Amino acid sequence: MTILQVQDVGFRYSAQWVLKDISFDVGKGEIIGIIGPNGSGKTTLLKLLDGILFPQEGDVRIQGTSIRRIKRQVLARLVAVVPQETYMIFPFRVAEVVLMGRSPHLGRLVFEGKRDYQIAINAMEKTDIISFADRKVHQLSGGERQRVWIARALAQEPQIILLDESTAFLDIRHQVGFFELIKSINKQEGLTVIVVTHDINLAAQYVDRIILLREGKIYEMGEPEKVITESNIAHIYETGVLVDKNPVSGRPRVTLLGSHPPEGGSRLKSGAAPQL
């Protein structure tokens with residue numbers, strides 16, 4: 001079942017097109033990864049999917065309806081966003097931040113009810129933050145804060161969650177924990193997840209399909225094995241790489257070789273260079 005359709009989308013901020021001829025469908029319950037170098041249009045595409053921006057060409061449709069025709073409050077019940085980082089001016093408690101996710105479901109001057117509180121509690125339990133629900137958000141570690149933003153997104157009860165480089169400031173342990181959590185929620189809830197990331201290896205391990213962008217166009221799209229190849233990655237990122245299989249998962253694994261691969265090809269012994 002298709003939940004999201006991007007149809008011949010083009011977008012420009014001024015004279016130059018940032019995105020052009022972008023088309024793809026997303027099935028309900030899929031995890032889609034969007035990768036590409038800086039300036040390839042990843043964040044702009046995510047803003048179009050969230051209705052922050054509207055395309056000058058083509059259309060974005062959610063459950064068959066043009067995003068232009070969906071009121072903002074209704075759209076917030078369908079799509080939730082987990083950003084890189086959210087700064088809170090006021091010292092809100094974790095429970096208060098998660099409860100903010102219920103706002104799209106409330107009318108003007110309507111306060112949260114028993115059901116809203118229970119949904120917020122359930123979201124905190126799923127993300128394992130219930131133990132520090134009364135702590136101030138600014139007192140938390142980066143990994144803990146990211147779980148708070150996921151819980152707030154879950155409290156919206158969306159159909160789609162958009163992740164905008166949400167692991168950018170996390171260490172390796174918290175990056176893996178973040179993706180494990182997203183994968184678990186995806187399986188349990190059947191949520192559709194679209195994640196923009198610079199971490200090619202993490203994307204390869206956790207997503208169903210990958211969209212590789214180059215200069216505002218889709219260069220390649222498909223399962224990780226199809227998209228993450230030595231020729232694709234080396235060409236798009238202009239650096240030498242080795243792509244082999246992760247010995248545990250069997251998924252593609254990228255090792256960075258540098259801008260100038262050794263003579264005779266891009267092959268290196270396993271473990272001889274840092275991984276992307």
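The structure presented is a predicted model; accordingly, all values stated were derived computationally and were not measured.

Chemist: Which parts of the structure should I look at to understand the side chain of Ser 166?
Modeler: The residue Ser 166 is located in the loop between β7 (160-164) and α6 (172-189) in this model. The class of Ser 166 is buried, set by a relative accessible area of 3%. Aside from chain neighbours lying at most four places away, what touches Ser 166 is Val 82, Pro 83, Gln 84, Gln 146 and Phe 178.

Chemist: How should unusual backbone geometry be read in this particular structure?
Modeler: Most of the time, phi is negative for any residue but glycine, and the peptide bond is trans. If you check the backbone angles, Glu 157 has positive phi at about 55 degrees while not being a glycine. Counting through the fold element by element, Glu 157 comes out in the loop between α5 (142-155) and β7. In this model, Glu 238 sits at a positive phi of 55 degrees, which is unusual for a non-glycine residue. Structurally, Glu 238 is set in the loop between α9 (230-237) and β11 (240-245).

Chemist: Which parts of the structure should I look at to understand the pattern of salt bridges?
Modeler: For side chains bearing opposite charge, pairing can occur when the charged atoms are close. Taken as a whole and judged by the stated rule, the model has 13 salt bridges. One salt bridge connects Arg 102 with Asp 116, and the closest N-O pair in it is separated by 2.9 Å. Residue Arg 102 is found in the loop between α3 (94-99) and α4 (114-126), and its partner Asp 116 is found in helix α4; the two are separated by 14 residues along the sequence. Between Arg 115 and Glu 157 there is a salt bridge whose closest N-O contact spans 3.5 Å. Remark: Glu 157 occurs in the loop between α5 and β7 and Arg 115 occurs in helix α4; sequence separation between them is 42 residues. One connected set of salt bridges, linked through shared partners, spans Arg 102, Arg 115, Asp 116 and Glu 157.

Chemist: Would you mind showing me how to read the environment of Ala 133 here?
Modeler: Among the structural elements, Ala 133 can be located in the loop between α4 and α5. For the pair formed by Ala 133 and Ile 121, sequence separation is 12 residues and the distance between their alpha carbons is 9.0 Å. Ignoring sequence-local partners within four residues, the contact set of Ala 133 consists of Arg 93, Val 94, Ala 95 and Met 124.

Chemist: Just checking my understanding: could you explain the sheet that holds strand β1 (residues 2-12) for this structure?
Modeler: What links the strands of a sheet is backbone hydrogen bonding, and the strands pair in either a parallel or an antiparallel sense. Pairing within the open sheet is antiparallel, and its 4 strands lie in the order β2-β1-β4-β5. The two strands at the open ends of the sheet, each matched to only one other strand, are β2 (17-27) and β5 (65-66). Here 2 bridges tie strand β4 (residues 57-62) to β5, and the two strands are oriented antiparallel to one another. Counted as the bridge partner of Arg 61 is Ser 66 from β5. Contacting β1, β2 and β4, helix α1 (residues 42-49) crosses the sheet at an angle of about 55 degrees to β2.

Chemist: Is there a simple way to explain the environment of Gln 84 in this structure?
Modeler: With respect to the helices, strands and loops of the structure, Gln 84 is situated in the loop between β6 (79-82) and α3. Among the residues examined, Gln 84 registers a relative accessible area of 27% and is labelled partly exposed. Along the sequence, Gln 84 and Lys 187 sit 103 residues apart, while their C-alpha atoms lie 23 Å from each other. Sequence-distant contacts of Gln 84, defined by excluding residues within four places in its chain, comprise Gln 146, Asp 164, Glu 165, Ser 166, Ala 168 and Phe 169.

Chemist: How should the packing of aromatic side chains be read in this particular structure?
Modeler: Scanning all chains against the criterion turns up 4 aromatic pairs. With 6.1 Å between their ring centres and 75 degrees between their planes, Phe 90 and Phe 92 make a pair best called edge-to-face. Ring plane angle 75 degrees and centroid distance 5.9 Å describe the contact between Phe 178 and Phe 179, whose orientation is recorded as edge-to-face. Given the relative accessible area of 4%, Phe 179 is considered buried.

Chemist: Would you mind going over the confidence of the model for the chain with me for this structure?
Modeler: For any part of a model where pLDDT is low, the fine detail of the predicted coordinates should not be relied upon. Averaged over the chain, the pLDDT score is 89; the fraction of residues at 70 or greater is 92%. Across residues 262-275, confidence stays below pLDDT 50; counting only partners more than four residues off in sequence or on other chains, it has 24 contacts.

Chemist: Looking at this structure, I do not really get the packing of α4 against α5. What am I missing?
Modeler: The geometry of a pair of packed helices is captured by two quantities: the angle between their axes and the separation between those axes. In the contact formed by α4 and α5, the axes pass within 8 Å of each other and the chain directions differ by 140 degrees. Taken together, α4 and α5 sit at an angle that is classed as oblique. Two packed elements cross with a definite hand, and for α4 against α5 that hand is right-handed. Between α4 and α5, the residues in contact are Ile 119, Ala 123, Met 124 and Lys 126 and Ala 151, Leu 154 and Ala 155, respectively.

Calculation criteria
Residues numbered from 1 in each chain as written. Predicted model: local features only at pLDDT ≥ 70, side-chain atom pairs only at ≥ 80, totals over all residues. Heavy atoms only, no water. Helix = DSSP H or I, 4+ residues; strand = E, 2+ residues; numbered from the N terminus. Buried < 20%, exposed > 50% of the residue type's maximum accessible area, 1.4 Å probe, protein only. Contact = heavy atoms within 4.5 Å. Salt bridge = Lys/Arg side-chain N within 4 Å of Asp/Glu carboxyl O. Pairing = 2+ DSSP bridges. Axes fitted to C-alpha atoms, helices over the stretch in contact; angles between N-to-C directions. Phe/Tyr/Trp six-rings, centres within 6.5 Å; stacked < 30°, edge-to-face > 60°. pLDDT = per-residue confidence, 0-100. Parallel < 35°, antiparallel > 145°, perpendicular 65-115°, else oblique. Left-handed = near helix turned anticlockwise from the far one by under 90°.

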